[in-house]
Amino acid sequence: MAISFITSAPVFAPVYNPIYYNVISTNVAQPDFQYVFNLFEGYGTSSNPISTINLFPRPTSNCLYNPARILESIVSADQNIQGITAATSSTTMVNYYTIDVGEYYGGNTYTGLSETIGYVFNGVLQYDQIPSWPVNYSNYIMVNSSGSTNLFLTNQPRSGVLTLLTDTSTLSFAGYVPAYMQLKIHNFGSTNAIVHNIPITANTGSSYITHLPSGPANLNNYSIHSTLITNNTDYYTIALLDINNGIISETITYNMDQSCSKYSNMRIQFLNPYGAWDYVNFRMKSKETVNVTKRTLYKQNLPYNYTVGAREQTQIDFDGYTTYTVTSDWVSDDYSKWFKELMRAQQINIIESNWSSRPVNIVETSDYVQTVLNDSLPQYIFNFNTAYSINAGRS
């Protein structure tokens, strides 16, 4: 009995795309032959069994197995991490899975003939990314190699994200947990950056993904440092370092927003295609609209002896929600590309001033992607409905 993998899914695979395994057996000519796929949540066949599926071979004797829809149940977004003040291991965003491939024929089942182990994460790829992911996924896995420029789990503009001193945000990465997060602070009037190599003590264990505090408010509340970022800061950068202070990641830039606005800031958190959170400010005009659907009981007439205060119409129930309309500043083409991810994000929150989150859903189903060439000053207006109802009593 021999089963071999013709092709396998990438070791690090997004759960919302197909995860194909192509296998073939030397016993496929046996009567009533079937491939048996046992799926486990965790590392190895001693972990939690979640599915067993028997599949007949294709006319070419091989078999394609795609466990992605089943694996969706073992990963989800890490919630309420926007206020972290130290490196934090993911608890739900990524998970091991194990596939044990066996055979059935002649009334008997044979298991443990071939096994493979992978990671699945809470992400999704687009059309142009899927063919190259088996090679490109390694660009998103941090390794202990000085001089590497592997990527964080975000498509936020690499030219820099505008941020306020009071903002919270996170930055996520997969793979090797390095020794330090390097924070370089560039202040106005200074040619030299202030450098802080902040130790990373998170123990990812089997989680494989780590979240870093990246907003000014997060970093300024980091327990082992005093205030790091001030009103005198022009911009700051974040990168990862090995134990010898060698850079092992790309560098992410955050530009301090020094502009004045008469409007209140609306900070939006949204789940990006890699299953991590991105954050963006809307500092121009914003509006709040309360939407209510009422149900009313109508009496035919008031009694002849009614008193003042008696009702001919009584509201017996209503359903309601709030709509927030937000306006961006004038943005670059990088922001326009980034906003396409906001449009299709499955989870969106408004971040309040006390760092709590308010779940909302985006209303727009289509939006014109603006460019500097076509529109000179691209600016976006989005509407968000609260993802919960307004509660009220009944008469």
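Structure: see above.
Reference entry: report on the structure contained in this document.

About the cut-offs
Residues numbered from 1 in each chain as written. Predicted model: local features only at pLDDT ≥ 70, side-chain atom pairs only at ≥ 80, totals over all residues. Heavy atoms only, no water. Helix = DSSP H or I, 4+ residues; strand = E, 2+ residues; numbered from the N terminus. Rg over C-alpha atoms; globule rule 2.2 N^0.38 Å. Buried < 20%, exposed > 50% of the residue type's maximum accessible area, 1.4 Å probe, protein only. Pairing = 2+ DSSP bridges. Axes fitted to C-alpha atoms, helices over the stretch in contact; angles between N-to-C directions. Polar contact = N/O pair within 3.5 Å; in protein donor to acceptor, adjacent residues only side chain to side chain.

1. Some remarks on the overall build of the chain
So, point 1. When helices and strands are tallied, the chain shows five helices and 24 strands.
So, point 2. What you see for the chain is a C-alpha radius of gyration of 27 Å, clearly larger than the 21 Å of a compact globule of 395 residues, by over 25%.
So, point 3. Over its C-alpha atoms, taken along the principal directions, the chain stretches across nearly 85 × 80 × 45 Å.
So, point 4. Within the chain, the fraction of its 395 residues that count as buried is 48%.

2. Some details on the sheet that holds strand β23 (residues 357–362)
So, point 1. Strand order across the open sheet formed by seven strands is β19-β18-β22-β23-β24-β21-β20, with antiparallel pairing between neighbours. Each edge of the open sheet is held by one strand with a lone partner, namely β19 (277–282) and β20 (287–298). For this sheet, the mean inter-axis angle between neighbouring strands, taken without regard to orientation, is 35°.
So, point 2. The pairing of strand β22 (residues 348–351) with β23 spans four bridges and is classified as antiparallel.

3. Details of the side chain of S90
So, point 1. Its location among the elements puts S90 in the loop between β7 (88–89) and β8 (94–105).
So, point 2. Given a relative accessible area of 4%, S90 falls into the buried group.
So, point 3. Looking at S90, its side chain comes within polar contact range of the main-chain nitrogen of M93, at 3.1 Å.

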